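Descriptive structure summary
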Amino acid sequence: MRNINVYRTRQICLLIAFFTVIIIRLFYKLDVGTINVTDEAWYGINAFEMFKSGNWLVPTLRGQIDYASKPPLGLWGILIGFKIFGTNLMGLRFYSAVAGLLTIIVICIYLYKRFDNRYALAAAAVFPVLWQCFDMHMYRAGDMDALFGLFYAIAIFALSEIARGDSRMIVVYWAAVGLGFMTKSMHVVVFLLVGFLYLPVIYKKLNVKDSVFGILAGLLPTVVWGAARYQVDGFKYIRCITLGEAGDQTRSGITLDYLRDISREKVTWLLAALLLVRLVMYFVHGVTDDSYKGAGLPEKRNLRNWFRIFGRDVFFFIKRRYLSILAYCVPIGVYTLAGHYMTWYIDPAYIAVIWIVSIEAIEISDMLGKTMKKRVFVLLVALACLFYSSVQIYQYKDLGEGGNPVDQFGHDMTEFCDNTSGEYAGCDAYIAYDRGRYVGDRGHWELDYVFTCNTKGNLNCLDGGVEGFLADEDSLLVLDSGLWDQYASVLTGYVFLEQNTFYVLSHDRYGE
């Protein structure tokens, strides 16, 4: 009994240690670092304008209805963050980090109930290794993908439980599908395709009553929200996020970029190493007499019989892993065939990797028995996970301390607002700056600058540059200091409200 208690105490301590690493990985310096112009700033502006207007139904972008925005579930998550932390980076990103934490909790609970606590420990160790999921668009970004990934995990585990005989879990699966649509619209096709391909395994375990309730659970949130949105602009927005989204994401041909990304992911290396160990152990142990008898083959061990046994074993291995293989391969396959490359589209596949790696690691350790080899194997896997997670966390120390122009712009806007005590809140603002890839259009606000300007100074960002500022007598001009010599002839005499990397000028004149 004492040994059992010591064993449980060690496991609890390990679980606490792993979740400490996870929490640090998710929340440490979440409120600093450059906002990502690709989608994070976009959704941040959507949520900021909804927050200001109090209209949580219709997303807008710079004052206009945004027909390219996703359904509002993710935006509502950001809005809750704004309510708690204010309209800043922490408020923008907090809900994604929480979704990440809930995802690993769901995975651990499922593995604990389905297998035992060792599998949950393995998942907690592997989770912070997922570099891609902690880079952009997922757990440390104000985006939709973290919440989408949570619903994907729930849908997959619901299918697994149906296969074990619980037909009521079809309701959970369809609810996850509905909420997934409310998060990323037509991207939910990966949920549906996994369910369709897994249907031959589970169809005999389903019944009409549970299936009907499940479909209703999936449709309910979308129908309620869709009916409310229909009152605003009919089917226009709904067509944009369904037919328009599907068309935008479908391209002719295929792309191999996702396979390249997967090959660079450290957790893929870990998975490959585990599968290689399993294969080596298979060959080292060889084909036993029991294997021949189980395959119904004669005792004579010729090459043909050996291949038949090996093929049988591979078949049963794939059969046991069928759902996890689907969960991993379907997102990769769908977007590879669609030909539309966005590195974060296949992030749900990495959630399946946690499940696969955890099971493989524990099964391999069990095959080693109670030997020193087992202890060494477990120690190596744990140290590999801890080392790479620590390397990633260490790199957070430089967040917000680089020379990124957007970060400097945010610093200058904060200083400007402090110095003017918010006197110019709500004022129109024009910009002139030199962003290399936008040369020739210096008067156009990019979304990362808009979000920063909105949340720091609550200014109304208008395009038009210096010419727009000169024509609008009640406006401000944000000017890249590097462009002063170019515009000095027309701007000399205007009052500077801020002089740093960026200047802020008003229409007041010196000497008046």
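All figures in this text were calculated on a predicted structure; none of them were measured in a lab.

1. Description of the overall build of the protein chain
Along the backbone of the protein chain there are 21 helices and seven strands. Each principal axis of the C-alpha distribution contributes one length, and for the protein chain these read about 105 × 50 × 50 Å. Counting only residues that meet the buried cut, the protein chain has 49% of its 512 residues in that class. Contacts in the protein chain between residues far apart in sequence, at least 24 positions, make up 73% of those at least 6 positions apart. Within the structure as shown, the protein chain displays about 24,400 Å² of accessible surface, and the carbon and sulfur contribution to it stands at 63%.

2. A closer look at the confidence of the model for the protein chain
Per-residue pLDDT for the protein chain averages 86, and the proportion of residues at 70 or more is 90%. Every residue in residues 288-297 is under pLDDT 50, and counting partners more than four places away or in other chains gives 21 contacts.

3. Focus on the side chain of Ser69
The topology assignment puts Ser69 in the loop between strand 2 (64-65) and helix 3 (73-85). Not counting residues up to four positions away in its chain, the partners in contact with Ser69 are Trp42, Tyr43, Asn46, Pro59, Leu75, Tyr237 and Ile241.

4. Observations regarding the nonpolar core
One finds Ile104, Tyr139, Phe191, Phe416, Trp445 and Leu459 to be the most contacted residues of the largest nonpolar core, which totals 137 residues. When residues in this core are grouped by element, the largest group, 14 residues, is from helix 6 (residues 145-163). Excluding residues within four positions of it along the chain, Trp445 makes contact with Arg62, Phe409, Ala429, Tyr430, Ile431, Tyr433, Val450, Cys453, Cys461, Leu462, Asp463 and Val478. Grouped together as the second largest cluster of nonpolar side chains are 13 residues, Phe469, Leu477, Tyr487 and Phe496 included.

5. Overview of the pairing of strand 5 (residues 475-480)
Counted residue by residue, strand 5 has six buried out of six residues, so it is predominantly covered. Burial along strand 5 is two-sided: Ser475, Leu477 and Leu479 facing one way and Leu476, Val478 and Asp480 facing the other are all buried. Pairing between strand 3 (residues 428-432) and strand 5: five bridges, direction parallel. From the neighbouring strand, Ala432 faces strand 5, where its bridge partner is Leu479.

6. Some thoughts on the layout of surface pockets
Leftover empty space is mapped by rolling, across the atoms, a probe with the size of a water molecule. Taken as a whole, the largest pocket encloses approximately 1,000 Å³ of empty space. If you trace the largest pocket, you find 28 residues lining it, with Tyr7, Leu14, Lys374, Val378 and Leu379 closest to the centre. Every element with two or more residues in the lining of the largest pocket is listed here: helix 1 (2-27), helix 5 (117-126), helix 16 (347-367) and helix 17 (372-395). Considering each element in turn, the lining of the largest pocket owes the most residues, nine residues, to helix 17. Within the lining of the largest pocket, the residues separate by chemical class into 19 nonpolar, four polar and five charged.

7. Focus: the pairing of strand 6 (residues 494-499)
Of all six residues that make up strand 6, five are buried, and the element is covered over most of its length. When strand 6 meets strand 7 (residues 502-509), the two strands line up antiparallel, connected through four bridges. For Phe496, the partnering residue across the bridge sits in strand 7 and is Leu505. Taking the residues between adjacent antiparallel strands as the criterion, strand 6 and strand 7 are bridged by two residues.

8. Notes on the environment of Cys108
Inspection of the secondary structure puts Cys108 in helix 4 (residues 89-114). The sequence separation of Cys108 and Tyr119 amounts to 11 residues, and the corresponding C-alpha distance is 7.5 Å. Setting aside residues no more than four positions away along its own chain, Cys108 makes contact with Phe19, Ala120, Ala123 and Ala124.

9. Notes on the environment of Leu259
The topology assignment puts Leu259 in helix 11 (residues 257-264). Counting along the chain gives 35 residues from Leu259 to Val224, while the straight-line C-alpha distance between them is 39 Å.

10. Some remarks on the sheet that holds strand 4 (residues 460-461)
Spatially, 4-3-5-7-6 is the arrangement adopted by the five strands of the open sheet, whose pairing is mixed. Sheet topology places strand 4 and strand 6 at the edges, where each strand pairs with a single neighbour. Here strand 5 runs beside strand 7; their pairing, made up of four bridges, is antiparallel. The residue of strand 7 that forms the bridge with Leu479 is Tyr503. Contacting strand 3, strand 5, strand 6 and strand 7, helix 21 (residues 484-491) runs over the sheet at an angle of about 150° to strand 5.

11. A few points about the pattern of salt bridges
Taken as a whole and assessed by the stated rule, the structure comprises 14 salt bridges. The shortest N-O distance in the salt bridge between Arg118 and Asp116 comes to 3.0 Å. The residue Glu363 makes a salt bridge to Arg278 at a minimum N-O spacing of 2.6 Å. Taken together, the residues Glu363 in helix 16 and Arg278 in helix 12 (residues 266-285) connect sequence positions 85 residues apart. Salt bridges sharing partners connect three or more residues here, namely Arg278, Arg321, Glu360 and Glu363.

12. Examining the packing of helix 3 against helix 4
Two numbers describe how helix 3 lies on helix 4: the axes approach to 7 Å, and their chain directions differ by 130°. Judged by the inter-axis angle, helix 3 sits oblique to helix 4. As for the relative orientation of helix 3 and helix 4, their crossing is right-handed in sense. Taking contact as the criterion, the partners of Gly74, Gly77, Ile78, Gly81, Phe82 and Phe85 in helix 3 are, on helix 4, Met90, Gly91, Leu92, Phe94 and Tyr95.

13. Things to note about the state of the cysteines
Enumeration according to the criterion identifies zero disulfides in this entry. Considering cysteine sulfurs only, Cys385 is the nearest to Cys108, which forms no disulfide, with 12 Å between them. On the accessibility criterion, Cys108 (7% relative accessible area) is buried. This cysteine, Cys461, is not joined by any disulfide, and Cys453 carries the nearest cysteine sulfur, 3.8 Å off. Residue classification places Cys461 among the buried residues on the basis of a relative accessible area of 6%.

14. Remarks on the environment of Phe148
Inspection of the secondary structure puts Phe148 in helix 6. Residues Phe148 and Thr183, spaced 35 residues apart in sequence, show a C-alpha to C-alpha distance of 6.1 Å. Setting aside anything within four residues of it in sequence, one finds Phe148 in contact with Gly180, Thr183, Lys184, His187, Val188, Val190, Phe191 and Pro348.

Rules used in this analysis
- Residues numbered from 1 in each chain as written.
- Predicted model: local features only at pLDDT ≥ 70, side-chain atom pairs only at ≥ 80, totals over all residues.
- Heavy atoms only, no water.
- Helix = DSSP H or I, 4+ residues; strand = E, 2+ residues; numbered from the N terminus.
- Buried < 20%, exposed > 50% of the residue type's maximum accessible area, 1.4 Å probe, protein only.
- Contact = heavy atoms within 4.5 Å.
- Areas by Shrake-Rupley, 256 points an atom, 1.4 Å probe, with all protein chains shown as cover.
- pLDDT = per-residue confidence, 0-100.
- Core = buried A, V, L, I, M, F, W, Y, C linked by side-chain atoms within 4.5 Å.
- Pairing = 2+ DSSP bridges.
- 1 Å grid on protein atoms, 1.4 Å probe; cavity = no way out; pocket = protein on both sides within 12 Å on 5 of 7 lines; lining within 4 Å.
- Points joined across faces, edges and corners; volume = space filled by probe spheres on them.
- Nonpolar A, V, L, I, M, F, W, Y, C, P; charged D, E, K, R; others polar.
- Axes fitted to C-alpha atoms, helices over the stretch in contact; angles between N-to-C directions.
- Salt bridge = Lys/Arg side-chain N within 4 Å of Asp/Glu carboxyl O.
- Parallel < 35°, antiparallel > 145°, perpendicular 65-115°, else oblique.
- Left-handed = near helix turned anticlockwise from the far one by under 90°.
- Disulfide = S-S within 2.5 Å.

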